[in-house]
Amino acid sequence: MTTEPIITLVESLTPEIELGLSEMLISVVNDGASIGFLPPLDKAEALDYWRSVLGPGVLLWIAREGDTVTGTIQLQLARKANALHRAEIAKLMVHPDHRRKGIAGRLMDTAEATAAAEDRELLTLDTREGDPSNLLYQSRGFIEAGRIPYFARSGNGELHTTVLYYKKQ
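Residues numbered from 1 in each chain as written. Predicted model: local features only at pLDDT ≥ 70, side-chain atom pairs only at ≥ 80, totals over all residues. Heavy atoms only, no water.

## Brief notes about the environment of Asp126
Secondary-structure assignment places Asp126 in strand E5 (residues 122-128). Asp126 sits 27 residues away from Arg99 along the chain, and the two C-alpha atoms are 20 Å apart. Setting aside residues no more than four positions away along its own chain, Asp126 makes contact with Glu88, Phe151, Thr162, Val163 and Leu164. Among the polar contacts listed, one links the side chain of Asp126 to the side chain of Thr162, at a separation of 3.1 Å. (Helix = DSSP H or I, 4+ residues; strand = E, 2+ residues; numbered from the N terminus. Contact = heavy atoms within 4.5 Å. Polar contact = N/O pair within 3.5 Å; in protein donor to acceptor, adjacent residues only side chain to side chain.)

## Re the side chain of Glu112
Examined against the element boundaries, Glu112 turns out to sit in helix H3 (residues 103-117). Residue Glu112 is classed as buried on the basis of its relative accessible area, which comes to 7%. Of the polar contacts made by the side chain of Glu112, one reaches the side chain of Lys167; its length is 2.6 Å. The contact partners of Glu112, leaving out residues within four places of it in the chain, are Leu123, Arg140, Phe142, Lys167 and Gln169. (Buried < 20%, exposed > 50% of the residue type's maximum accessible area, 1.4 Å probe, protein only.)

## As for the pairing of E5
The pairing of strand E4 (residues 86-94) with E5 spans three bridges and is parallel. When the bridges of E5 are listed, Ala87 appears paired with Leu123. Here seven bridges tie E5 to strand E7 (residues 159-168), and the two strands are oriented antiparallel to one another. Across the sheet, residue Asp126 finds its bridge partner in E7, namely Leu164. (Pairing = 2+ DSSP bridges.)

## Quick word on helix H1 (residues 15-30)
Its 16 residues give H1 an end-to-end C-alpha distance of 22 Å, which sits within 8% of 22 Å, the value for a rise of 1.5 Å per residue. Ile17, Glu18, Gly20, Leu21, Ser22, Met24, Leu25, Ile26, Val28 and Val29 are the residues of H1 that are buried. The inward-facing, buried residues of H1 contact helix H2 (43-53), strand E2 (58-65), strand E3 (68-77) and E4. Looking one or two residues past H1, Gly32 carries a phi angle of roughly 110°, positive in sign. (Expected span 1.5 Å × (residues − 1).)

## Some thoughts on the layout of surface pockets
Roughly 1000 Å³ of internal volume is contained in the largest pocket. Surrounding the largest pocket, 37 residues form its lining, Leu92, Met93, Thr127, Ser133 and Tyr137 being those nearest its centre. At the level of elements, E4, H3, E5, helix H4 (133-139) and strand E6 (143-153) are the ones that each hand at least two residues to the lining of the largest pocket. Counting residues per element, the lining of the largest pocket draws most heavily on E4, at seven residues. Looking at the lining of the largest pocket, its residues break down into 17 nonpolar, 10 polar and 10 charged. Of the pockets and cavities examined, the second largest pocket occupies roughly 190 Å³. Contributing to the lining of the second largest pocket are Glu16, Ile17, Leu19, Gly20, Glu23, Met24, Ile62, Arg64, Asp67, Thr68, Val69 and His95. Those elements that provide at least two residues to the lining of the second largest pocket are H1, E2 and E3. (1 Å grid on protein atoms, 1.4 Å probe; cavity = no way out; pocket = protein on both sides within 12 Å on 5 of 7 lines; lining within 4 Å. Points joined across faces, edges and corners; volume = space filled by probe spheres on them. Nonpolar A, V, L, I, M, F, W, Y, C, P; charged D, E, K, R; others polar.)

## A short note on the packing of aromatic side chains
As enumerated under the stated definition, the model contains four aromatic pairs in all. Between Tyr49 and Trp50, the aromatic rings sit 4.8 Å apart at their centres with planes inclined by 70°, giving edge-to-face as the arrangement. In this structure Tyr49 comes out as buried when scored by relative accessible area, which is 17%. With a centroid separation of 6.2 Å and 55° between ring planes, the pair formed by Tyr137 and Tyr165 is classed as tilted. Remark: Tyr165 occurs in strand E7 and Tyr137 occurs in helix H4; sequence separation between them is 28 residues. One exposure class covers both Tyr137 and Tyr165, and it is buried. (Phe/Tyr/Trp six-rings, centres within 6.5 Å; stacked < 30°, edge-to-face > 60°.)

## Regarding the pattern of salt bridges
Counting across every chain of the model gives 11 salt bridges. For Glu65, the salt bridge identified is with Lys101, shortest N-O distance 3.3 Å. Separated by 36 residues along the polypeptide, Glu65 in strand E2 and Lys101 in the loop between E4 and H3 bring together distant segments of the chain. One salt bridge in this structure joins Asp109 and Arg140, with 2.5 Å as the shortest N-O distance. Of this pair, Asp109 sits in helix H3 while Arg140 sits in the loop between H4 and E6, and the two are 31 residues apart along the sequence. (Salt bridge = Lys/Arg side-chain N within 4 Å of Asp/Glu carboxyl O.)

Next comes the structure, spelled out in structure tokens:
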């Protein structure tokens, strides 16, 4: 019997959360995800990343099943005076061993509801062309705004296009 993952807002990083996030990030990157890192990702780089995430305007959630971090998402609230109506969805990831359980959708629900509560009526995000995440975002009403070729390098050196999306809430 599988348990429903618990989604929690992370207000400060504990060593256990840092370790869980780092282990998940390593697994996701080594599985081929295009989220800003190249494989093989080492633990020190993963830990450094998570220790730098929390700051003004950044909301971070984790999904957990028991003590295991199974997913995460960030909502980055724009802070400039002319941009207070928007936010960016960033670093949505689900551990490869926990995919196809609805975790990504639940994390997106959480981020989108928080954006609405913060009066952020425009959401943006980007993802690598061809990745399954494109279908997730499209199914949630995100609209393709454009594509940038040669945007992200993969572990084998190949350059990939990124797709930019937006959603008006």
